[in-house]
Amino acid sequence: MIAICFLLAIVALALYLRNVYSKFSNEGINHLPIIPVFGNLFWALFSLENITELMARLRSTFPDDKVVGLYELLNPIYIVQDVDTIKKVTIKDFDHFVDRRSFVSELDPTFGRSLINLKGDEWKEMRSTLSPAFTSSKIRLMVPFMVDVGEEMIKVLSKRINDSESQNIDVNTKDLTTRYANDVIASCAFGLKVDSQSVDSPFYVKAKDVVTFGVSKMMKIFFFRCLPSLANMMKMSLSSPETSGFFTDVVLSTIEEREKNKIIRHDMINILNEIKKGNLRHDEHTNVDSGAGFATVEESNIGKKSHNRDWSDNDLVAQAVIFLLAGFDTVSTAMTFIIHELALNPDVQEKLVQEIKEYDQKNGGQLDFTSIQSMKYMDMVVSEGMRLHPPAPFLERLCVKDYNFGRVNKAATKDLIVRKGTAVGFPIYVFHRNPQLFPDPLKFDPERFSDENKHNIKPFSYMPFGLGPRNCIGSRFALCEVKVMLYQLIRKIKVSPCEKTAIPLELSKGFLIDIHNGAWVRFELRQD
């Protein structure tokens, strides 16, 4: 009897999997071979390849298809490989793709109520409410906090270099930039002054727990997406209760103390508190940022509408923590790869340092928001770094009402109709390295973004911060932070390759965008 039941279970599973994995074939959508249960993610899940290699393989196998298929375990995802189709999905027909897929339950105390996890009208309301917090006028006031963190970083690095016999040190820049980004977020978002360059501060330890997406967290996300009802019943959370409690206490106790003592500090805690009180509104003139940078994304009309909403404590904490998630790892990744490229391209580094010295002399050694926004070559370097190494290599949307993609490949005999509830993805990494869009795509060439050349970049082919109304709300802050850090670092320190520098560069296996065996370069103090 047991054997019969087992056999029936196997047959039922086989029939179920056959039905799941026949979806794309039935629709005439091309896809790569799958491994049952794991779909197309087997190799990334077991650290046999980086997820970007899967995206590149899809593109090279079906180069002429507008849309191809990918199985994320049991979930089918439609991958858009055509720039014009991306424009339709993210902007023209945005009302069909308003949402992102949830990666955690709304009950999750850390991420559940964050902007990135909300949907529909609730997302629109939260986006418009938060939008005034990320204008240049607000970020300008946070630059001094970034500068303070950078000065501490340079102080620690200078001491280490001077104490070394060789007068230089080999540095894993991923660790350096992660600690820098942590301290900037601690100051600008949570109102805390911490020093993580020398020691593992408690804030740094808890922040690492939030932003580190290892195998365990990734499996939780996939489990939630495959079986959301069961995950909710199990009250599955991505962060430990201790970590969630830590950030809840930091946010709420800081607000309480400031209210009690009438303290005003121009950081995200203050902004969130003003939003909660209904004192912050979108100014029509604060979003005109001609010098914010090529990679900056503009706020849509959705973000500029005014809403009055009641904020819960969970709402406040969730927005602060998602600011941590977005600003901590994404920004540190961008800085890491840019520093790597500067080490390997001394001509670019020299040109950048000359621009930095020019502005440094012009402003008497003072670094401010206006200087950062005015530096053209700095923006070219950062823009190219985020093209060649986009920190977020994949973008996705959730179809909220059926959508007709038309004929998506040469063999198609009917239009592709994507149904409500289905995920649609855009492989940013692959677009940014497509030779038809960016000639000689593996070359680090900031001149692509010069005034003479940037008009040659096809619209909607460059998207380090996403596209459309659901783009990254913090693009201005992220770009400013990257530029401030590079300004301070390159002004004082010469960066060059060392024996452990990854040449050629190879990404770590799995889902993260990290340099295999560490992002090692050599630092030495400049003499002038």
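If you're wondering where the values come from, they're calculated on a predicted model, not measured in any experiment.

**Student:** Could you give an account of the environment of T173, naming the residues involved and the relevant values?
**Tutor:** Structurally, the position occupied by T173 is in helix α9 (residues 173–188). For T173 and I339, which are 166 residues apart along the polypeptide, the C-alpha to C-alpha distance reads 7.6 Å. Those residues in contact with T173, other than ones at most four positions away along the chain, are T336, I339, A519, V521 and F523.

**Student:** Summarise the UniProt feature "binding site: heme" (unreviewed entry) in the protein chain; cite the residues concerned and give the values.
**Tutor:** The feature "binding site: heme" (unreviewed entry), as annotated in UniProt, sits at C472 in this numbering. Following the sequence through the fold, C472 ends up in the loop between α20 (428–432) and α21 (475–492). Filtering out sequence-adjacent residues up to four positions away, C472 remains in contact with R127, V297 and F465.

**Student:** Give me the sheet that holds strand β4 (residues 395–398): which residues, what numbers.
**Tutor:** Spatial strand order, β1-β2-β7-β4: four strands in an open sheet with mixed pairing. In this open sheet, the two edge strands, each paired with only one partner strand, are β1 (67–72) and β4. Sheet twist, expressed as the mean angle between neighbouring strand axes with direction ignored, is 30 degrees. Bridge count for strand β2 (residues 75–80) against strand β7 (residues 423–426) is three bridges, and the pairing is parallel.

**Student:** Lay out the packing of aromatic side chains in plain terms, naming residues and giving numbers.
**Tutor:** Enumeration according to the criterion identifies 19 aromatic pairs in this entry. Ring geometry for F24 against Y78: centres 5.3 Å apart, planes inclined by 80 degrees, an arrangement best described as edge-to-face. Of this pair, F24 sits in helix α2 (residues 23–27) while Y78 sits in strand β2, and the two are 54 residues apart along the sequence. Taking the relative accessible area as the measure of exposure, F24 reaches 0% and is therefore buried. Ring plane angle 70 degrees and centroid distance 5.1 Å describe the contact between F294 and F449, whose orientation is recorded as edge-to-face. In this pair, F294 is assigned in the loop between α14 (268–277) and α15 (301–304) and F449 in the loop between α20 and α21, connecting sequence segments 155 residues apart.

**Student:** Any chance you could break down the side chain of R258 for me, citing the residues and the numbers?
**Tutor:** Mapped onto the elements of the fold, R258 is located in helix α13 (residues 241–261). Take R258: its relative accessible area is 9%, and that puts it in the buried class. Among the polar contacts listed, one links the side chain of R258 to the side chain of D267, at a separation of 2.7 Å. Beyond its immediate sequence surroundings of up to four residues, R258 is in contact with G191, I263, R265, D267, I269 and N270.

**Student:** Go over the packing of helix α8 (residues 143–163) against α9, please, and point to the residues and values.
**Tutor:** The relative placement of two packed helices is expressed as an angle between their axes plus a distance between the axes. α9 packs onto α8 with a crossing angle of 145 degrees between their chain directions and a minimal axis gap of 9 Å. When the axes of α8 and α9 are compared, the crossing they make is right-handed. From α8, F145, M146, V149, G150, M153 and L157 reach across to α9, where they touch L176, Y180, D183, V184, S187 and C188. Across the contact of α8 with α9, the residue classes tally to nine nonpolar, two polar and one charged.

**Student:** Go over the pairing of β7 with me, naming the residues and quoting the values.
**Tutor:** Along β7, one buried face is formed by A423 and G425 and the opposite face, lined by V424 and F426, is buried too. The pairing of β4 with β7 spans four bridges and is antiparallel. When the sheet's bridge partners are listed, L395 is paired in β7 with F426.

**Student:** Could you give me a rundown of the nonpolar core, with the residues and numbers involved?
**Tutor:** In terms of nonpolar packing, the biggest core is built from 153 residues, with F190, L324, F405, L489 and F523 touching the most fellow members. Element by element, the count of residues in this core is highest for helix α16 (residues 313–344), at 16 residues. One finds Y429, A502, I513 and I515 within the second-largest nonpolar core, a separate group that totals seven residues.

**Student:** Quick rundown of helix α4 (residues 51–61)? Include the residues and the values.
**Tutor:** Along α4, the residues classified as buried are I51, T52, L54, M55, L58 and R59. Seen end-on, α4 carries its buried residues on one side only, within an arc spanning 160 degrees. Among the structural elements, α3 (42–45), β1, β2 and α20 are those in contact with the buried residues of α4.

**Student:** Got a sec to walk through the confidence of the model for the protein chain? Specific residues and values, please.
**Tutor:** In regions of low pLDDT, the predicted coordinates are not meant to be interpreted in detail. Mean pLDDT over the protein chain works out to 88, with 95% of the residues at or above the 70 mark. When pLDDT is averaged over each helix and strand of the protein chain, the minimum, 62, is found for α15 and the maximum, 98, for strand β9 (residues 520–525).

Definitions and limits used
- One numbering rule holds for all chains: residues counted from 1, following each sequence as written.
- Totals for whole chains, interfaces and linings use every residue, but because this is a predicted model, local features are given only for residues with pLDDT of at least 70 and side-chain atom pairs only at 80 or more, for both listing and counting.
- To obtain the side-chain values, all non-hydrogen atoms of the structure were included, while hydrogens and water were left out.
- Secondary structure is summarised from DSSP: a helix means a run of H or I of at least four residues, a strand means a run of E of at least two, and numbering begins at the N terminus for each.
- It only takes one pair of heavy atoms within 4.5 Å for two residues to be counted as in contact.
- UniProt positions are given in the numbering used here, feature names are shortened, and annotations may be inferred rather than shown by experiment.
- Strand pairing is assigned whenever DSSP detects at least two bridges linking the two strands.
- An axis is simply a line fitted to the C-alpha atoms; with a helix, the fit covers only the stretch in contact. Between two such axes, the angle follows the N-to-C directions and lies from 0 to 180 degrees.
- Pairing of aromatic rings covers Phe, Tyr and the six-membered ring of Trp, with a centre-to-centre limit of 6.5 Å; geometry is then stacked below 30 degrees between planes, edge-to-face above 60, and tilted otherwise.
- Each residue's exposure class comes from its accessible area (1.4 Å probe, protein chains only) as a fraction of the maximum for that residue type: buried when under 20%, exposed when over 50%, partly exposed otherwise.
- Polar contacts, as counted here, are pairs of nitrogen or oxygen atoms within 3.5 Å of one another; within protein the pair requires one atom able to donate a hydrogen and one able to accept it, and residues that are adjacent in sequence qualify only if both atoms are side-chain atoms.
- Crossing handedness: left-handed means the near helix sits turned counterclockwise from the far one by under a right angle, and right-handed means the same turn made clockwise.
- Each residue is assigned to one of three groups, with Ala, Val, Leu, Ile, Met, Phe, Trp, Tyr, Cys and Pro labelled nonpolar, Asp, Glu, Lys and Arg labelled charged, and all others, Gly among them, labelled polar.
- In plain words, nonpolar cores are sets of buried Ala, Val, Leu, Ile, Met, Phe, Trp, Tyr and Cys residues tied together by side-chain atoms within 4.5 Å.
- It is the directions from the helix axis to the C-beta atoms that the arc portrays.
- The quantity called pLDDT is the predictor's confidence in a given residue, expressed from 0 to 100.

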